[in-house]
Amino acid sequence: MSIQKITQNSTKIPSRLLKNKYLLKSLEKISEHGTSFTATTSLVMALTVRPLAIFSTPNVEKENKQYAAANSICSGLVKFAMVEAIALPIEAAVKNIDKNPNKFLNLNTIKNLTNNTNELSKSRSYRLITQILKLSTGFLTAIPKSIFSIALIPIIMDNLFKYKRQDQTKNNNTNTQNSTKKNINFTGNLSDKISKNIGKLINNNKIQNFAKKYETKDKDIAKHLTAATDILLTSSFAYQTNKSNKIEDNRKKALIYNNVISTAITIIGGYGIDNLIKNKTSKFIEKFKQINANDPKLSKYIEGINILRPAIIFAAIYYGILPIFSTFLAEKIDKFIEKQKNKA
């Protein structure tokens, strides 16, 4: 189905569906837990869709497929564990400020961000600041995530794929990060402390001025942070892979090429498709706004849509469409470079 047909059909969606309480509640939850939603989506795709796509790639050595699949599994697990460890308390703290802004923000900040209306929940500037704070956890954990992912790849290879590495001593004492999520209740004093620190950031005049200047760009912030995180993560992953003594040297380059190709095409394709869909579905968004115009949580629903759209697009490209192409191309590039070296 073409984008144009999707657009035409989107404007025909019944009004009652756009007011459906389950849909609105889901969008509200995505808005409040944007990073958690993105991490969960990545986890599911990394454990299922991407490995299946990798193993279905023709004319690629079995070991290279196993390394690529192991990387996908490790990356998904570590990303989810590390991002959630940071995202959950930040998301809870922001929600704390949403409910009681006068407790954590000074009066001048509220007036400045709301243009003296005191309706903080409808302030695009405030939503932009808090959205950046919540979504930036993925970026902040990119480097440690790549370190732990590389450390776990040999363990996955040894235990899941029963892979026997050659010319390397297997170290059974490798320390690994326990990715089990602890059930921590971020309420009370801890939540208040985090909320107070976030409140200090929001009270900063420079941050407020930045938010007011770029508040109209709030619909693209999730996309930009996702791209920035992917670039940092891939760069760190390439560096860590290259210096790892637990991954066979003849498998490193194919693994690095796979990640670089996947990230590059995902970002380029993700931006192109997202911009196309965003422009073509503007009528749908306007209809959604009109139907829910009197809902006090409308700004959260729109924020949820703006997080949902790029998250699904980037995940579909990276985990579903590209693995076959990138795995195949990575091996061909690796072999071509090795042939050129042998000729020289």
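Everything below is about the structure printed above this text.
Note that the structure is a prediction, hence the values are computed from the model and not measured. (Residues numbered from 1 in each chain as written. Predicted model: local features only at pLDDT ≥ 70, side-chain atom pairs only at ≥ 80, totals over all residues. Heavy atoms only, no water.)

Draft legend 1. Representation of helix α16 (residues 282-291) within the structure. Listed in full, the buried residues belonging to α16 are Phe284, Ile285, Lys287, Phe288 and Ile291. The buried residues of α16 occupy one face: seen down the axis, they fall within an arc of 160°. Those residues of α16 that are exposed and angled more than 90 degrees off the buried face are Lys283 and Gln290. (Buried < 20%, exposed > 50% of the residue type's maximum accessible area, 1.4 Å probe, protein only. Helix = DSSP H or I, 4+ residues; strand = E, 2+ residues; numbered from the N terminus. Arc of directions from axis to C-beta.)

Draft legend 2. Spotlight on the side chain of Ser195. Tracing the backbone through its elements, the reader meets Ser195 in helix α12 (residues 189-203). Taking the relative accessible area as the measure of exposure, Ser195 reaches 0% and is therefore buried. The residues contacting Ser195, other than those within four sequence positions of it, are Ala93, Asn96, Ile97 and Phe104. (Contact = heavy atoms within 4.5 Å.)

Draft legend 3. The packing of helix α9 (residues 124-135) against helix α14 (residues 221-243), seen in detail. Look at α9 against α14: their axes get within 10 Å of each other, and the N-to-C directions meet at 25°. Taken together, the axes of α9 and α14 are roughly parallel relative to one another. Handedness of the α9/α14 crossing: right-handed. Contacts from Leu128, Gln131, Ile132 and Leu135 in α9 reach Ile221, Ala222 and Leu225 in α14. Its residues assigned to classes, the contact of α9 with α14 comprises six nonpolar, one polar and no charged. (Axes fitted to C-alpha atoms, helices over the stretch in contact; angles between N-to-C directions. Parallel < 35°, antiparallel > 145°, perpendicular 65-115°, else oblique. Left-handed = near helix turned anticlockwise from the far one by under 90°. Nonpolar A, V, L, I, M, F, W, Y, C, P; charged D, E, K, R; others polar.)

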